[in-house]
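Below, each chain spelled out in residue letters.
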Amino acid sequence: MKRGIIINSADGYLHMNDLPHNCIFNKVVTGCGGTTVTLQNDEDYIIAVPTTELIINKIGRPDAGIGTVKFHDGTSRQVFGLHGRYSIGIERDLMEYVANSDPKKIICTYDKLPKLCELINPKRYRLLVDEYHRLLKDYSYRERAIDGVLDYFRRFRSFCFMSATPIQPLFKPSCLEDVEYVEAEWQDKEKMRVKLLQTNKPYTMAANIINKYLLNGYVTVDGIKSHEAYFFINSVTDIVAILEHCHLSNDDVRIICANNEENEKKLKGYKISSSLSDSKRFNFITSKSFEGADYYSDTGLCFVVSSASNKHTLASIDTDIPQIAGRIRTKSNPFRNKLIHIFNTNHRKLNLDVSFEEMKEITEQSLSKARDTIDYFNDAPANVKDHLRDNIRHDLNSLYMSYDKANDRFELNDRLPKLELYNYMVNMEIYKNGLSVAKGYEGNGIETTKYNYQKVTENLEFSAKKPSFKELFLKYVDLMENHPYSPSIMTMEKNEPLLREAYIKLGADKVKSLRYTKKAIQDALISIGSTEDAEQKVAQIIVKNIPTGDPIKVAKANQIIADAYTKAGVRHTAKAKDLHKWFECSDPKSKRVGGRVVKCVDIYRAKYIFKDEA
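Residues numbered from 1 in each chain as written. Predicted model: local features only at pLDDT ≥ 70, side-chain atom pairs only at ≥ 80, totals over all residues. Heavy atoms only, no water.

**Q** Please give an account of the pattern of salt bridges that cites residues and values.
**A** For the coordinates displayed, the defined rule picks out 25 salt bridges. The partner of Lys-112 in a salt bridge is Asp-111, and the shortest N-O contact between them spans 2.4 Å. Its relative accessible area of 7% is what places Lys-112 among the buried residues. When its relative accessible area of 36% is taken as the criterion, Asp-111 is described as partly exposed. Among the salt bridges present, the one from Lys-505 reaches Glu-501, with a minimum N-O distance of 3.3 Å. Of this pair, Lys-505 and Glu-501 both sit in helix 17 (residues 498-506), four residues apart, roughly one helical turn. Residue class for Lys-505 comes out partly exposed when judged on its relative accessible area of 43%. Judged by its relative accessible area of 14%, Glu-501 falls in the buried class. Salt bridges sharing common partners tie together Asp-18, Glu-43, Arg-126 and Arg-157. (Salt bridge = Lys/Arg side-chain N within 4 Å of Asp/Glu carboxyl O. Buried < 20%, exposed > 50% of the residue type's maximum accessible area, 1.4 Å probe, protein only. Helix = DSSP H or I, 4+ residues; strand = E, 2+ residues; numbered from the N terminus.)

**Q** Report on the pairing of strand 17 (residues 300-306), specifying residues and quantitative values.
**A** Counted residue by residue, strand 17 has seven buried out of seven residues, so it is predominantly covered. Where strand 13 (residues 228-232) lies against strand 17, five bridges are found, and the strand directions are parallel. Its bridge partner lying in strand 17, Phe-231 is registered against Phe-303. Relative to strand 18 (residues 338-343), strand 17 runs parallel, the two being bridged by five bridges. Looking at the pairing, Val-304 lines up with His-341 of strand 18. (Pairing = 2+ DSSP bridges.)

**Q** Provide a residue-level description of the side chain of Asp-18, including the pertinent values.
**A** As for its position among the elements, Asp-18 is in the loop between strand 1 (2-7) and strand 2 (23-26). Among the polar contacts made by the side chain of Asp-18, one reaches the side chain of His-21 at a distance of 2.9 Å. Separated by 3.3 Å, the side chains of Asp-18 and Asn-41 make a polar contact. (Polar contact = N/O pair within 3.5 Å; in protein donor to acceptor, adjacent residues only side chain to side chain.)

**Q** Got a sec to walk through the nonpolar core? Specific residues and values, please.
**A** Core analysis: the biggest nonpolar cluster contains 47 residues, and Ile-46, Ile-106, Leu-127, Leu-135 and Phe-161 have the highest contact counts within it. Here this core gets six residues from one element, more than from any other, and that element is helix 13 (residues 415-429). Contact partners of Leu-135, with chain neighbours within four places excluded, come to Tyr-110, Val-129, Ile-146, Val-149, Leu-150 and Phe-161. By size, the runner-up hydrophobic cluster in this structure holds 34 residues, among which are Ile-210, Val-221, Ala-229 and Ile-242. (Core = buried A, V, L, I, M, F, W, Y, C linked by side-chain atoms within 4.5 Å. Contact = heavy atoms within 4.5 Å.)

**Q** Residues and numbers for helix 17, please.
**A** Residues Leu-498, Leu-499, Glu-501, Ala-502, Tyr-503 and Leu-506 constitute the buried set of helix 17. Of the residues one or two after helix 17, Gly-507 is the one with positive phi, at around 90°.

**Q** Break down the packing of helix 7 (residues 202-216) against helix 8 (residues 236-245) for me, with residues and values.
**A** Closest axis-to-axis distance for the helix 7/helix 8 pair is 10 Å, and the angle between their directions is 40°. By the criterion of interaxial angle, the relationship of helix 7 to helix 8 is oblique. Handedness of the helix 7/helix 8 crossing: right-handed. Across the interface between the two elements, Tyr-203, Ala-206, Ala-207 and Ile-210 from helix 7 touch Asp-238, Ile-242 and His-245 from helix 8. Among the residues forming the contact of helix 7 with helix 8, the class breakdown is five nonpolar, one polar and one charged. (Axes fitted to C-alpha atoms, helices over the stretch in contact; angles between N-to-C directions. Parallel < 35°, antiparallel > 145°, perpendicular 65-115°, else oblique. Left-handed = near helix turned anticlockwise from the far one by under 90°. Nonpolar A, V, L, I, M, F, W, Y, C, P; charged D, E, K, R; others polar.)

**Q** How would you explain the packing of aromatic side chains if you had to name every residue and give the values?
**A** Under the definition given, this model contains 13 aromatic pairs. Ring centres of Tyr-132 and Phe-161 lie 5.7 Å apart, and the angle between their planes is 65°; on these two criteria the pair is classed as edge-to-face. Taken as a pair, Tyr-132 in the loop between strand 7 (126-129) and helix 5 (134-137) and Phe-161 in strand 8 (residues 158-163) lie far apart in primary sequence, 29 residues in all. The burial state of Tyr-132 is the same as that of Phe-161; both residues are buried. (Phe/Tyr/Trp six-rings, centres within 6.5 Å; stacked < 30°, edge-to-face > 60°.)

So yeah, pure geometry; function would need other evidence.
Quick look at the structure:
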């Protein structure tokens, strides 16, 4: 069900007493003050947001607690910002704020919502889930936080999922299928314009643009001078390579990324800033601040840099680009609704005869099988359920199911499959070539220039090196044995989950005997697992050793399967046709590879996903 709300606004802001209730709200325009509506009115509100940076930018303080939000009309309000670890002090301050404030306004990160519901009565509050599209994009690495939002949103007095770039219907979680869709119909809407710049080396092209700023003090676009640049690049390692290549100092740059030990080490002396810090000539921003954070600059120009060799940097045209284009809020800035997209295309030779439509059909077939299994279990008598329960939980389609222990029911969880399908569209369809990128913009109603190709001959030196697993593990052992309460331990475990499991289950000496090799460590952990049965061990080894998205030779597949059987103590004959147990894949067929015709199997997607222990 869809309905529109006509917006008459002379200044580009939403002038409403409240947002629509119990719906997905497409506000269409970024930076129009949707969150401000909920903070200024007299309703008790919980505002759940995807990033800590967004809260810091809103309340004007870097830690959790009461901050002051200043509105564009000159008024202000005290708001409780909740992020980071819960502590006795934070809970005490929160409950004191709840007891003494009217109306109550709490802005928290997604992951805080379940715990917050234990501390307050959610039926007294309306809920705004801001930047709703992140529920899809972040699911692969924030599953628990996003599941918490989707499990708890109906407990509130009302809810509103808001975004200027909502999830396309094809990729929307099934738990929101019955939720009304409301779209703002602006009578006067500014258009966004993107200049497409295709090149073979996007990072070198970005460095060349910086050098032009350095040489002249500005660059000229459409006859107008820009004296500041905002580079949106979702890779700290690549940012550092550009900074070093251009010999920039901390006085020249502001870097806004996740403030953790790993990034500090990558930056090698460059400082991590926040969206509240002073603007510099060159501002580098990761996905930490693609949404929600406001920037102010009279002549700042936005550049999005995407490299097909690094999937994390591929800006999605339906969500990332419109969000980035709306980050600069200075009304007088002539580049406020313009950006330059520097990109290369995906030259990877997939040799997979699978279109996006075919991949969509494969996904739907898998989800259909999961639905049938769920319906069969949920309608079965108790004695039948006892027999089926564990088998279903270890089923190869368990990726699409979640178990509700309290009610002894399975429910469909289509969030990860839909994310994989979305990523397939972005990686394999949109960034296929310059024309497909241009068509992607056109399909989302974004005006572009005719894309042009500029070849770069010089190389960019990437001197920022990621520490090896051995270096990380030795440091982790030292901290665990000599500084067991160091906050660095939690940061290291978050960035490399294998550290904790290897240290606790194998021990330092065993890891050393395995030469600190991650594959050997993972295999050793699988072989000693106490809860997985032999077939589970086989599936885990095979999925970890056969990459998806490529064909695999039958001979190589048989070798990997045989090795998995040996390690798991299973006496089976290795057969490539058994790959159907663990993957969505083709039957063995002849293909020409390297001038020779060999038997291959196309591997589309794993049916099993194994998560590292948190």
